[in-house]
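As a plain string of letters, each chain reads:
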Amino acid sequence: RQMGEGSRIWRLLHSGAARALDGSELRVTLVGSTSGGFGSAIFSDIAYLARQAGKTVGAKSVSVDAFLVTDGVFTRVSTSQDVSQANTYATLREVERFQLAQGFPFRMEYDREKSDNPVLFGNLEWRLLDEVYLFDHLPNIPARNASQENGWRQPEASVFPSIADAILFSLD
């Protein structure tokens, strides 16, 4: 697997940053689940690399916000609650560590052979995220009928639209 300028993730982040650049400002919004496997495992890396991609395309100001769904949203549909809870804990613990450090440098190593590259062998010297929004539970509102109750059990019919609304409001 290739990391760095040749990796697919880096190319996607870099080209996305170039397209989204608004003058000298770039706003990145990350949306994801903390209870999964791969996505939650690389969340902090994506946040770090997205900010770095913005800097490499010339953004003077890069903000990175996250809208994250925890395992609590999937309690009614998950078949492996223990794994979901463990993944959520690990992801949130890592985010907390980076958020609370506020400038304490963390080494971000992706390729030791590229020690002259500040992205692949750099330091995280800022808060990982500018804003973090957590969505932890399904609505706890009495349903009027069975159809509504079944709909509210599904995150795509309840929480996910709420996240879309929150992102829309944050864009103003």
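Predicted model, so just to flag it, every value in this text is computed and none were measured.

Draft legend 1. Summary view of the overall build of the chain. Secondary structure assignment for the chain yields 6 helices and 5 strands. Walking the chain from its N terminus toward its C terminus, one meets helices and strands in the order α-β-α-α-β-α-β-β-β-α-α. With respect to the three principal axes, the spread of C-alpha positions in the chain is 60 × 35 × 30 Å. Taken over 172 residues, the chain has a buried fraction of 37%. Put simply, 70% of the contacts in the chain that link residues at least 6 apart link residues at least 24 apart. When the accessible surface of the chain is split by element, carbon and sulfur atoms take 51% of a total near 10100 Å². Of note, the chain has its 17 positive side-chain charges centred 3 Å away from the centre of its 21 negative side-chain charges.

Draft legend 2. The pattern of salt bridges, seen in detail. Enumeration over the complete set of coordinates arrives at 5 salt bridges. One salt bridge connects R51 with D130, and the closest N-O pair in it is separated by 3.1 Å. Of this pair, R51 sits in helix 3 (residues 43–56) while D130 sits in the loop between strand 4 (121–124) and strand 5 (131–135), and the two are 79 residues apart along the sequence. The class for R51 is buried, based on a relative accessible area of 6%. When its relative accessible area of 25% is taken as the criterion, D130 is described as partly exposed.

Draft legend 3. Seen up close, helix 6 (residues 159–170). With 12 residues, helix 6 extends 16 Å from end C-alpha to end C-alpha; this agrees with the ideal 16 Å at 1.5 Å per step. Every buried residue of helix 6 is listed here: V159, I163, I167 and S170. Within helix 6, the buried residues cover an arc of 85° as seen down the axis, which keeps them to one side. For helix 6, the exposed residues set more than 90 degrees away from the buried face come down to L168 and F169. On its buried face, helix 6 sits against strand 1 (25–33), strand 2 (61–69) and strand 5.

Draft legend 4. Quick look at the sheet that holds strand 5. With parallel pairing, the 3 strands of this open sheet are ordered in space as 1-2-5. Strands at the two margins of the open sheet, each flanked by one partner only, are strand 1 and strand 5. Across the sheet, the axes of successive neighbouring strands diverge by a mean angle of 15°, strand direction being ignored. In terms of strand pairing, strand 1 meets strand 2 through 9 bridges, oriented parallel.

Calculation rules
Residues numbered from 1 in each chain as written. Predicted model: local features only at pLDDT ≥ 70, side-chain atom pairs only at ≥ 80, totals over all residues. Heavy atoms only, no water. Helix = DSSP H or I, 4+ residues; strand = E, 2+ residues; numbered from the N terminus. Buried < 20%, exposed > 50% of the residue type's maximum accessible area, 1.4 Å probe, protein only. Contact = heavy atoms within 4.5 Å. Areas by Shrake-Rupley, 256 points an atom, 1.4 Å probe, with all protein chains shown as cover. Lys, Arg positive; Asp, Glu negative; His and termini not counted. Charge placed at Lys NZ, Arg CZ, Asp CG, Glu CD. Salt bridge = Lys/Arg side-chain N within 4 Å of Asp/Glu carboxyl O. Expected span 1.5 Å × (residues − 1). Arc of directions from axis to C-beta. Pairing = 2+ DSSP bridges. Axes fitted to C-alpha atoms, helices over the stretch in contact; angles between N-to-C directions.

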